[in-house]
Structures are given as structure tokens and as C-alpha cells.
Amino acid sequence: TKIYNIDKKTGKMITLKDLFREGSDYKKRISDSIKEQMRAQMKKDSSKTYFLDDDQPEWDFKQIKDDANFYISDNGEFVFDKYEVAPGYMGLVEFSVPTEKLSDIVKDGYLQ
């Protein structure tokens, strides 16, 4: 899956890096939120499995990539392809990162 985010005013494609202030730790903060959600889901539902805290740490999800798939709704939605962060039976998975967790590092003009 590939998601494109376009600035309607400029026609420019928007990347994650474009949304956040230079030097901010946005990838770590987003990734930490996603890991927290993964752990909570696995704890609540034994049928859910993510590549995290596993016996094979080299397979563990560590951090989102520079070209991570995302779209903007009320929150930031991050989309991972089948096999990217979970076994194939989980299919495509999505995680929401609440705006308030990132509002202090978002560039002006990107939050309403």
C-alpha cells in the first residue's frame, strides 16, 4: 500500500519530515506510541501478534521509516503492509497516533 499526501495549495507531496519541526524526535515519539499500542493489543487479544519483544530481536519493530505510510484524519494514521510489523495473517495493520502527543513538535499550519 502506498499513500500519497498532497498539499492542495502548493501541489507538493507532503512527507512526515515536512510536518514536524527540524530537530524534533517525531519518529521516536510516533514509534513509541505505536509500540505501546502493539503491546496493549497483544495483551488484550492473544490472537494478535506483532514483531515486538520477540525471541528474535532482530525482527522487532524499532522505528517508523522516513517513507512511512500515513494519512491524516482526526489523528495521524500509520499503515503497515502485510508482514511489515506482524505475521501475514494480521494483514495490513493501522495505528492512530493522537494529535496531542505530537502537537508541540508539529510545524505551524499543519494542525487545525
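Throughout this description, residue numbers start from 1 for each chain and increase along the sequence as written. Only residues with pLDDT of 70 or above have their local features reported here, since the model is predicted, and side-chain atom pairs are shown and tallied only from 80 upward, although totals for entire chains, interfaces and linings are computed over all residues. Hydrogens and water molecules were not included; the side-chain quantities draw on all heavy atoms of the structure.

**Section: the overall build of the chain**
The helix and strand labels rest on DSSP assignments: H or I over at least four residues marks a helix, E over at least two residues marks a strand, and numbering proceeds from the N terminus. Assigned secondary structure in the chain consists of two helices and three strands. Secondary structure of the chain in N-to-C order comes out as α-α-β-β-β. With the principal axes as the frame, the chain shows a C-alpha extent of 45 × 25 × 25 Å. Burial here depends on accessible area, computed with a 1.4 Å probe over protein chains only, as a share of the maximum for the residue type. Under 20% is buried, over 50% is exposed, and the range in between is partly exposed. Burial status across the chain gives 37% buried among its 112 residues.

**Remarks on the pairing of strand β3 (residues 93-97)**
Residues Val93, Phe95 and Val97 of β3 are buried on one face, while the alternating residues Glu94 and Ser96, pointing to the opposite face, are not. Any two strands between which DSSP finds at least two bridges are classified as paired. Here strand β2 (residues 76-80) runs beside β3; their pairing, made up of five bridges, is antiparallel. Bridged to Phe78 within β3 is Phe95.

**Comments concerning the packing of aromatic side chains**
The relation between two aromatic rings is expressed through the spacing of the ring centres and the mutual angle of the planes. Two aromatic rings from Phe, Tyr or Trp, using only the six-membered ring of Trp, form a pair when their centres are within 6.5 Å; if the ring planes differ by under 30 degrees the pair is stacked, by over 60 it is edge-to-face, and anything between is tilted. Using the criterion set out here, one finds five aromatic pairs in the structure. A centroid spacing of 4.8 Å and a plane angle of 5° characterise the contact between Phe20 and Tyr26, whose relative ring orientation is stacked. As far as the burial class goes, Phe20 and Tyr26 line up, both buried. Site record: aromatic cluster; members linked through ring pairs are Tyr50, Phe61, Phe80 and Phe95.

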